[in-house]
Amino acid sequence: SWTFTVSFLVVAFIGIASAYKTLVLRGGGGVVARSLGGVRVDRGTEDPLRRRLLNVVEEMSIASGVPMPEVYVLEREASINAFAAGHTPANAAIGVTQGTLQQLNREQLQGVVAHEFSHVLNGDMRLSLRLMGLVFGLLAVAMLGRLLLRVAAHARKGAAPFLAAGGAVIVIGYVGLACGRFIQAWISRKRESLADASAVQFTRNPDGLKEALLRAAAQPSATVFTNADTEEVGHMLFLSAGRRALATHPSLFERLQELQPGYTKGQFESEVRLVQKRWEREAQAASPAPAPKEAATGLLRGTLAVPALGSLIAATVGDPGTRHIEFARMLRKAMPMVIQQYAKAPESARVMMCAMLLSREDAVRAKQMEVVKKTLPAKDAAGLDAASSIAQGLEPILRLPSVLRLFPVLRQLPDADKDQLRELLDTLASSDARIDVFEFALTKLVSDSMQDASNPGPQHGNATIEDLATEIGLTFAVLARHGAADEMAARQAYEAGIAPLLPRVRPGYECPASWAEHYGGALDALTRLRPAAKELLIGGLVRTIAHDGQLAVEEAELLRTICAVLQCPMPPVLPPAAG
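Residues numbered from 1 in each chain as written. Predicted model: local features only at pLDDT ≥ 70, side-chain atom pairs only at ≥ 80, totals over all residues. Heavy atoms only, no water.

A. Focus on the nonpolar core. If you look at the biggest cluster of nonpolar residues, it comprises 93 residues, and the most contacted ones within it are Leu53, Met352, Met353, Leu410 and Leu442. When near neighbours in sequence (up to four residues on either side) are disregarded, Leu410 contacts Pro346, Ala349, Arg350, Met353, Lys418, Leu421 and Met450. Within the second largest apolar cluster, 45 residues are counted, among which are Leu474, Ile498, Leu526 and Leu559. (Core = buried A, V, L, I, M, F, W, Y, C linked by side-chain atoms within 4.5 Å. Buried < 20%, exposed > 50% of the residue type's maximum accessible area, 1.4 Å probe, protein only. Contact = heavy atoms within 4.5 Å.)

Below is the structure:
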């Protein structure tokens, strides 16, 4: 009975401490970044190194189909290192050290950022934060044991019970902590190896990541990290931080050996010496790869031929390649520079977000302007006309990427202002009594991003395709209708996508006029699908899109929204590579 009581109290204490730590980290990756001394990089920065970092992160964001994460620089860290943190892609943050900015060129920086984006896409961030909470709970038990021992040391009478309890608790705490650290290190080593492989797959350029690892090995302080909190977050970093009894990362040589089979210790040492010799002479930036002009022209016109085999496109979910990154760079350069000005502060980003929804019809626009004037401060509402002219001048394919560019700074709004913005955007979108695809995508993505940032839910569920047949039918029907020239073509595209998923019994094609009223709820229900079912679903959706061989802007916006809600970020759909 006594043993059971003590065990129960210890487990309860671990649970409470872990829950407390998890609650502290609930604010997302920015909380971790700031705890390490990170300084957020603003859009308006004039520092060329930070500007380059923002460009690389933004290109990777567009290419992988995830919202633009917050970007931080750890200014006090001279060594090469980086991290990704957050519960979901909606509240992710990517941080790099000042040494990373100064010592890596663009190609090498891209390799490091691709490595961190792999953690975002593979769900490693959520796992890392949970491990932090668990290990903190075990550490708290050990700290409680030390507290009891101190109480026993100062007690004049009755010290024996405190001494016995303190000794037992401290043993339990440190044994548990050692086991927790072991699990943390083992999982981290596996995920780091996967992230290295994914980074090479993203960029199709093993040299960038390889050179970054070699530079890290060449610097005297390659594994030194001065911040005291890195024992707790060391498993989240790009490189091991300091000396630990249990290594959270494979050695640099082992990582290079996995990237280049047959790599020998002699080659490693020789290349490290070469890096050290040319350190001062090497240029800071590499020439960017050319953008795929044919694909760019097709999408800016509003249509693009897509391959008939949807599974080829579905396989790119969470796995962008070189062409996606090149295409993302083209989109970033095609966006007006003035969009960056609106991404500098939450207030200006809010104005541009509202401007994206202003109607071209005078009567509807006047109604919308009155709503904005009643909701936003006068100085913000006054800038709405100027923002609207910029928004209406955007090519259709640039609208959603421009909106996603505003997300990081919008997350800085107080919770009350976030709720107000969601309601305002919903009102603006429905002002003309109809909601188009872009309006739905914008309001849904904003709503989910704001909610996920403060209250992240489970990433997957246990539902099957058959369990959610009604919701899946509506999802396919809306996508098919917005990509087809007429009802007959829409029915054919619908069947092409959904039939392999539900071959026996499936909902009939039906796309209601008020589809937007029900579509958000249907997509939310689909988040309960199993991971394998989500993969099958996305493959079917792409078959529907590919049925007519063309990708319309509306289809691209719907597909990106669906994938974002399912937490299966998808790169832009591009035509098959020539040759």
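Picking up where we left off.
B. Layout of the packing of aromatic side chains. According to the stated counting rule, one finds six aromatic pairs in the structure shown. Three or more aromatic residues joined by ring pairs form one cluster here, namely Phe253, Tyr263 and Phe268. Between Arg255 and the ring centre of Phe238, over which it is positioned, the NZ or CZ distance is 5.0 Å. Above the face of the Phe438 ring, Arg399 is positioned so that its terminal group lies 4.4 Å from the ring centre. (Phe/Tyr/Trp six-rings, centres within 6.5 Å; stacked < 30°, edge-to-face > 60°. Lys NZ or Arg CZ within 6 Å of the ring centre and 35° of its normal.)

C. Region of interest: the side chain of Glu59. Mapping Glu59 onto the fold places it in helix 3 (residues 48-64). A polar contact of 2.7 Å, which involves the side chain of Glu59, links it to the side chain of Arg332. Excluding its chain neighbours within four sequence positions, the residues that come into contact with Glu59 are Arg106, Gln110, Ile325, Ala328, Arg329 and Arg332. (Helix = DSSP H or I, 4+ residues; strand = E, 2+ residues; numbered from the N terminus. Polar contact = N/O pair within 3.5 Å; in protein donor to acceptor, adjacent residues only side chain to side chain.)

D. Molecular detail of the pairing of strand 2 (residues 70-74). A large share of strand 2 lies buried, amounting to five of its five residues. Side chains of strand 2 alternate between two faces, with Glu70, Tyr72 and Leu74 and Val71 and Val73 buried alike. With three bridges joining them, strand 1 (residues 38-40) and strand 2 adopt antiparallel strand pairing. Residue Val39 lies in a different strand from strand 2, and its bridge partner there is Val73. Looking at chain direction, strand 2 and strand 4 (residues 93-97) are connected through five bridges and run parallel. (Pairing = 2+ DSSP bridges.)

E. Inspection of the packing of helix 17 (residues 362-375) against helix 22 (residues 415-429) at higher detail. Contact geometry of helix 17 with helix 22 gives a least axis separation of 10 Å together with a crossing angle of 170°. Classified by the angle between their axes, helix 17 and helix 22 sit roughly antiparallel to one another. In this structure, helix 17 contributes Gln368, Val371, Val372 and Thr375 to the contact, and helix 22 contributes Gln420, Leu424, Thr427 and Leu428. Within the contact of helix 17 with helix 22, the residues separate by chemical class into four nonpolar, four polar and no charged. (Axes fitted to C-alpha atoms, helices over the stretch in contact; angles between N-to-C directions. Parallel < 35°, antiparallel > 145°, perpendicular 65-115°, else oblique. Nonpolar A, V, L, I, M, F, W, Y, C, P; charged D, E, K, R; others polar.)

F. Region of the structure containing helix 25 (residues 487-498). Here helix 25 is twelve residues long and its end C-alpha atoms lie 16 Å apart, about the 16 Å a rise of 1.5 Å per residue gives. Those residues of helix 25 that fall on the buried side of the exposure criterion are Ala490, Ala493, Tyr494, Gly497 and Ile498. Each buried residue of helix 25 sits inside an arc of 115° when the element is viewed along its axis, so together they form one side. Where helix 25 is buried, its residues meet helix 24 (469-483) and helix 27 (531-546). Where helix 25 begins, the capping side chain belongs to Asp486, and its oxygen is found 3.2 Å from the backbone nitrogen of Met488. (Expected span 1.5 Å × (residues − 1). Arc of directions from axis to C-beta.)

G. Inspection of the sheet that holds strand 4 at higher detail. With respect to topology, four strands assemble into an open sheet ordered 1-2-4-3, the strand pairing being mixed. A strand with exactly one partner marks an edge of an open sheet, and here the two such strands are strand 1 and strand 3 (82-85). Taking each pair of neighbouring strands and ignoring which way they run, the sheet shows an average axis angle of 25°. Here helix 3 sits on the sheet in contact with strand 1, strand 2 and strand 4, set at roughly 140° to strand 2. Lying on the sheet, helix 5 (residues 106-121) is in contact with strand 3 and strand 4; it crosses strand 3 at an angle near 25°.

H. Structural detail: helix 19 (residues 384-392). Turning to helix 19, its buried residues number three or more, namely Leu384, Ala387, Ser388, Ile390 and Ala391. Along the long axis of helix 19, the arc covered by the buried residues comes to 160°, so they all point the same way. Those residues of helix 19 that are buried are in contact with helix 15 (338-342), helix 16 (346-355), helix 17 and helix 18 (378-381).

I. How the structure looks around the confidence of the model for the protein chain. This prediction gives the protein chain a mean pLDDT of 79; 74% of its residues lie at or above 70. The lowest-confidence element of the protein chain is helix 12 (residues 293-301), averaging 50 in pLDDT; the highest-confidence one is helix 24, averaging 94. When the criterion is pLDDT under 50, residues 283-296 qualifies, and its contacts beyond four places in sequence or with other chains add up to 29 contacts. (pLDDT = per-residue confidence, 0-100.)

J. Representation of the packing of helix 24 against helix 26 (residues 515-526). In contact at an axis separation of 9 Å, helix 24 and helix 26 are set at 130° when each is read in the N-to-C sense. Judged by the inter-axis angle, helix 24 sits oblique to helix 26. Every pair of crossing elements has a handedness; the one defined by helix 24 and helix 26 is left-handed. Residues Glu471, Ile472, Leu474, Thr475, Val478, Leu479 and His482 of helix 24 lie in contact with helix 26, whose contacting residues are Trp515, His518, Tyr519, Ala522, Leu523, Ala525 and Leu526. (Left-handed = near helix turned anticlockwise from the far one by under 90°.)

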